[in-house]
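If you want the building blocks of each chain, they are given just below.
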Amino acid sequence: PSPGPCDEAAAAELTEALDEEIARLAPPQQDAVVLCCLSGRSVAEAAVELGCAAGTVEPRLARARERLRAALARRGFSTPPARPGGGDAWGACP
C-alpha cells in the first residue's frame, strides 16, 4: 500500500528532526554520519576521505548514532527511526 498523508507528514517531520540533530553533532561525528550513513560510503572509504584510520571513524560513527538515537527519542521518535521508503535510518550505516 502507498503511504498516506499522515505517513508522509511523519516522514517529513522525522527528516527535519534528523537534519537538525545531525547539525548539532560535533564536526567529526557529523562527517562520519554524512559520509557513511547519508552518502553510502564504507568506513574505509570515509577514513580515506577524512584522512584518518578506519579505527578512528568507527567510534565516531557509533557515538553519533547513539547521540542521534537519544536526541530523536527525546523528540518522541521511536528508535531506530523508520526511513521513508522502508528500512531504518541506520540501514545504510556500517
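Everything numeric here is computed off the predicted structure, so don't read it as measured data.

Take helix α3 (residues 43-50) next. Residues V43, A46 and A47 constitute the buried set of α3. Projected onto a plane normal to the axis of α3, the buried residues spread over an arc of 105° and lie on a single side. Tucked inside the fold, the buried residues of α3 contact α2 (27-38) and α4 (54-74). Looking one or two residues beyond α3, the residue adopting positive phi is G51, at roughly 75°.

Before going further, it helps to spend a moment on the packing of α2 against α3. Where α2 contacts α3, the axes come no closer than 9 Å and their chain directions differ by 130°. Viewed along their axes, α2 and α3 adopt a mutual orientation that is oblique. At the point where α2 passes α3, the crossing takes the right-handed sense. Between α2, through D31, L35 and C36, and α3, the contact on the second element is made entirely by V43, A46, E49 and L50. A breakdown of the residues in the contact of α2 with α3 according to their chemical character gives five nonpolar, no polar and two charged.

Using the criterion set out here, one finds four salt bridges in the structure. Across the pair E20 and R75 runs a salt bridge whose closest N-O atoms are separated by 2.6 Å. Of this pair, E20 sits in helix α1 (residues 5-24) while R75 sits in the segment after α4; the two residues are 55 residues apart in sequence, bridging distant segments of the chain. The exposure class of E20 is partly exposed, given its relative accessible area of 29%. Judged by its relative accessible area of 36%, R75 is partly exposed. Of the charged contacts, one joins E49 and R41 as a salt bridge, the two residues approaching to 3.0 Å between their closest N and O atoms. Overall, the relative accessible area of 29% leaves R41 in the partly exposed class.

Closest axis-to-axis distance for the α2/α4 pair is 8 Å, and the angle between their directions is 95°. Classified by the angle their axes make, α2 and α4 are roughly perpendicular. Each of P28, Q29, A32, V33, C36 and C37 in α2 lies in contact with α4, whose residues at this interface are V57, R60, L61, R63, A64, R67 and L68. Taken together, the residues of the contact of α2 with α4 sort by class into nine nonpolar, one polar and three charged.

Regions with low pLDDT carry predicted coordinates that are not meant to be interpreted in detail. Predicted confidence across the chain gives a mean pLDDT of 85, with 79% of residues reaching 70 or more. For the chain, α1 is the element with the lowest average pLDDT, namely 88, and α3 is the one with the highest, namely 97. For residues 81-88, every residue scores under 50 in pLDDT, and the model assigns this stretch 15 contacts once sequence neighbours within four places are set aside.

Conventions adopted
- Residues numbered from 1 in each chain as written.
- Predicted model: local features only at pLDDT ≥ 70, side-chain atom pairs only at ≥ 80, totals over all residues.
- Heavy atoms only, no water.
- Buried < 20%, exposed > 50% of the residue type's maximum accessible area, 1.4 Å probe, protein only.
- Helix = DSSP H or I, 4+ residues; strand = E, 2+ residues; numbered from the N terminus.
- Arc of directions from axis to C-beta.
- Contact = heavy atoms within 4.5 Å.
- Axes fitted to C-alpha atoms, helices over the stretch in contact; angles between N-to-C directions.
- Parallel < 35°, antiparallel > 145°, perpendicular 65-115°, else oblique.
- Left-handed = near helix turned anticlockwise from the far one by under 90°.
- Nonpolar A, V, L, I, M, F, W, Y, C, P; charged D, E, K, R; others polar.
- Salt bridge = Lys/Arg side-chain N within 4 Å of Asp/Glu carboxyl O.
- pLDDT = per-residue confidence, 0-100.

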